[in-house]
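The chain contents come next:
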Amino acid sequence: MNRQSMSPGALEEGSIPTHQKRPSRRAVLTLAYQSLGIVYGDLSTSPLYVYKTTFSGKLSLHENDEEVFGVLSFIFWTLTLIPLFKYIYFVLSADDNGEGGTFALYSLLCRHARLCILPNQQASDEELSAYDVEGTSETWPSSMLKDFFTQHPRFRNGLLVVVLLGTCMTIGDGVLTPTISVLSAVSGISVKATNLHENYIVAISCAILVVLFSLQHHGTHRVGFIFAPIVTAWLLCISGIGVYNIIRWNPSVFHALSPVYMFRFLKSTGFEGWMSLGGVVLCITGSETMFGNLGHFSPLSIKIAFTFLVYPCLILAYMGEAAFLSKHHEDIQRSFYKAIPEAVFWPVFIVATLAAVVGSQAVISATFSLISQCCALSCFPHVKVIHTSSKIYGQIYIPEVNWILMCLCLAVTIGLRDTNMIGHAYGLAVTIVIFVTTCLMSLVILIVWKQKLIMALTFLVLFGSVELLYISASFIKIPEGGWIPLVLSMIIMTVMYIWNYGTLRKHEHDLENKVSVHRILELGPTLGMVRVPGIGLIYADLVTGVPAIFGHFATNLPAFHQVLVFICVKSVPVPYVSEEERFLIGRIGPKEFRIFRCIVRYGYKDLQQENNDFENVLVSKIMAFVEMEEQILAQNWHSCTNQDTDAELVDFPFLVRTNQPHAKHLSSCSDIQVMKPYENHQQINGPLIRDETLEILRAKESGVVYILGHSYAKAKKSSSLIKKIAIDIVFAFLSKNCRGPDVILSVPNSLLLEVGMVYYV
């Protein structure tokens, strides 16, 4: 699915796109306008605190204006190089089926270089329509990198750590963005109320933050329509004020656009000037949002909005504030609000506060989406995900994350109270996220785009050197607030890595202890047990073999249902899996065994909604499989016997995909995956097929029981102390307090059977 192909009728932000013709100019312009409220809220509010944070240290202003012009030159060229050149002209082109963000780049690399460490990956996953790895012929750099990652698994894990680092820093932005934006906007009151104590400003900011987070459960679809007008009004206000200040105070400020002023600034200020760059980098906060929200819009709409409105408005705003500063050095810590003409101060203050709330809202929503993706990729414990809109796809709310973010925002606001210190922390988080994108993008240029090595190196050196310069300046500010994102990211990354490690070890344990299919089939149609009426749904993380929980259950209670279905819910390294491709239905053993396997596939941006109708959907797909099985196998027998055996599907020697005309009446199964069940397969006529279908229906009427494994992880006695702490304490705590599979799958308690298992890692 390509989210770039969006019709005018599907302009609602986040709506599910379909395969449609290229959008019209009107549709693109409408999307560009809507993107202002979602994508650019954070970036457009950065003028509130950039100059204030930059000149918060030992850097002082002199009468010759070299410092002001030098900082403006850095701001201009940073905005031009990073958001305009890097993101608009390069990064936005590296979409994954129309989706953007850190996980999109990682997903592209996983598919093209086989770097994916997700369990249960099959060769059949590569047949998904979103799993497109076709391109130009291999180059020696791409082949060399693929071989390198294949031969050195540790570097695959290292790449995952880099991705998690960028993800954790982005989550840290969800704490810092609302804090600095709201506090900076509210601090404008002190310009008019000079006697107002700082505690009142902090209290007002905290009240706004509490209201902001308390309203998250309602979703933004009810007020989202006002986001774009607010940001548009804000951009027009600051650009108009910028033009006013340039004309009134210093028209020669245009000279600062020359890069010469950057070198003169560093030469004259030395170490203090280099340290101040940690504040300059705040001018590009929110740049990653352009790429992260790519799936909600189109690349062209985002490019138009930034190039023709956001970029020129920000440049004029920064130039106007620099012109004002050149004549009012004493107002450096209140320069933004001091530069506003008296007649429009309060309207601009109100718009600034609203824009800060809009920018914060966008970052909070992005944090929810990012956490949901981490859960899908087995990098974060499962949490409760609530869908706040039935019309806008992907708009979610996570209660636990929301309240944790609120508490952290309040703690930072009350604890620091100073936007300068918060800015130091914010700058470090932003630069690390942007640098991670640069590194991943360099690999994409080589492995996915298969370009020459010189192009990837040029991209890495050109943008990476600039970002490393800002990172080095931000690291100096670690004692002054920069430690906040580092501590937050280390805690979150530790949780993510331990959860991912424990999950993968559990899967390895399941693989090692699974029951042989042939051993089960040798027991005959009854499986050596009493077959009682009903359907038994056995959930496991295996796509082949019989899970150990089945053998454990049968040993203690040798009775089972007349229809058995082994179900595996798994994630694949693509953003979305269409409903037609979501289910793989197959049969284990001869027909009289009545044993089926169902593999349910989700992409990393798919929302695994609690589907109360899952039983009916599953039974309908199994019946469609039964009705079509013989006809499809007969038509595809010669073609499938010439195919290589899929080693991962040892239960099903042959895999056939079909889109037969006679299957069109099965709307839920327009694309059925059929596996040849047994070599001594016998042709069965229509009446017998209908008998099996009726038997399945009768089994469903008798009742459906869900059998889930309840696993407990323990570290081996020979394990190190760190591993014992990670598994026996941290992973055990997370497993106990996260959402269980029964809740995720919306299993009724009255129909649930849990089988306890202990595995050692």
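Placed above this text is the structure.
First things first, this report covers the structure right here in the doc. It should be emphasised that the depicted structure is a prediction, and the values quoted were computed from it without experimental measurement.

**Some thoughts on the environment of P741**
With respect to the helices, strands and loops of the structure, P741 is situated in helix 26 (residues 741-744). Distance from P741 to Y539, taken between C-alpha atoms, is 9.0 Å for residues 202 residues apart in sequence.

**Considering the nonpolar core**
Ranked by size, the top nonpolar core spans 163 residues in total, and within it Y40 and Y337 carry the most contacts. At 17 residues, the largest contribution of residues to this core is made by helix 18 (residues 419-447). When near neighbours in sequence (up to four residues on either side) are disregarded, Y40 contacts S35, V231, M290, I302, A305, F306 and V310. Of all hydrophobic cores here, the second largest spans 26 residues; its members include L537, Y539, I585 and I622.

**Things to note about the packing of aromatic side chains**
Counting across every chain of the model gives 28 aromatic pairs. Ring centres of F596 and F625 lie 6.2 Å apart, and the angle between their planes is 90 degrees; this geometry places the pair in the edge-to-face category. One end of the pair, F596, is in strand 6 (residues 595-602); the other, F625, is in helix 23 (residues 614-641), and 29 residues separate them in sequence. Ring pairing ties together the aromatic residues W234, F336, Y337, F345, W346 and F349, which thus form one cluster. Sitting over the ring of F345, K192 keeps its end group 4.8 Å from the ring centre.

**Observations concerning the pattern of salt bridges**
All told, the structure shown has 17 salt bridges when counted by the stated rule. In this structure, R582 and E579 form a salt bridge, with 3.2 Å as the shortest nitrogen-oxygen distance. Of the charged contacts, one joins E692 and R587 as a salt bridge, the two residues approaching to 2.9 Å between their closest N and O atoms. Of this pair, E692 sits in helix 24 (residues 686-702) while R587 sits in strand 5 (residues 583-587), and the two are 105 residues apart along the sequence. For R587, a relative accessible area of 0% corresponds to the buried category.

**Side note on the side chain of R582**
Counting through the fold element by element, R582 comes out in the loop between strand 4 (559-571) and strand 5. When its relative accessible area of 6% is taken as the criterion, R582 is described as buried. Within polar-contact distance, the side chain of R582 engages the backbone oxygen of V577 at 2.9 Å. Residues within four places of R582 in sequence aside, it is in contact with V577, I599, V600, R601, Y602 and D606.

**Here we look at unusual backbone geometry**
Phi at R114 is positive, roughly 55 degrees, even though this residue is not glycine. For R114, the location among the structural elements is in the loop between helix 5 (102-113) and helix 6 (140-151). Here R594, not a glycine, exhibits a phi torsion of approximately 55 degrees, which is positive. The exposure class assigned to R594 is buried, which follows from its relative accessible area of 14%.

**Brief notes about the packing of helix 18 against helix 19 (residues 453-475)**
The geometry of helix 18 relative to helix 19 is characterised by a closest axis approach of 9 Å and an angle of 170 degrees between their N-to-C directions. As judged from the angle between their axes, helix 18 and helix 19 are roughly antiparallel. Split by residue class, the contact of helix 18 with helix 19 holds 18 nonpolar, six polar and one charged.

**Considering the sheet that holds strand 10 (residues 752-760)**
Two orientations exist for strands paired in a sheet by backbone hydrogen bonds: parallel and antiparallel. Strand order across the open sheet formed by six strands is 5-6-4-3-9-10, with mixed pairing between neighbours. Since the sheet does not close on itself, it has two edges, and those belong to strand 5 and strand 10, each with one partner. Looking at each pair of strands side by side, their axes are set apart by 25 degrees on average, direction ignored. Inspection of the sheet shows strand 5 paired to strand 6 by five bridges, in the antiparallel sense. What sits directly across from G586, in strand 6, is R597. Lying on the sheet, helix 22 (residues 548-556) is in contact with strand 3 (530-539), strand 4, strand 9 (704-714) and strand 10; it crosses strand 10 at an angle near 115 degrees.

**Some words on the environment of F297**
Note that F297 resides in the loop between helix 13 (287-292) and helix 14 (299-325). Among the residues examined, F297 registers a relative accessible area of 0% and is labelled buried.

What counts and how
- Residues numbered from 1 in each chain as written.
- Predicted model: local features only at pLDDT ≥ 70, side-chain atom pairs only at ≥ 80, totals over all residues.
- Heavy atoms only, no water.
- Helix = DSSP H or I, 4+ residues; strand = E, 2+ residues; numbered from the N terminus.
- Core = buried A, V, L, I, M, F, W, Y, C linked by side-chain atoms within 4.5 Å.
- Buried < 20%, exposed > 50% of the residue type's maximum accessible area, 1.4 Å probe, protein only.
- Contact = heavy atoms within 4.5 Å.
- Phe/Tyr/Trp six-rings, centres within 6.5 Å; stacked < 30°, edge-to-face > 60°.
- Lys NZ or Arg CZ within 6 Å of the ring centre and 35° of its normal.
- Salt bridge = Lys/Arg side-chain N within 4 Å of Asp/Glu carboxyl O.
- Polar contact = N/O pair within 3.5 Å; in protein donor to acceptor, adjacent residues only side chain to side chain.
- Axes fitted to C-alpha atoms, helices over the stretch in contact; angles between N-to-C directions.
- Parallel < 35°, antiparallel > 145°, perpendicular 65-115°, else oblique.
- Nonpolar A, V, L, I, M, F, W, Y, C, P; charged D, E, K, R; others polar.
- Pairing = 2+ DSSP bridges.

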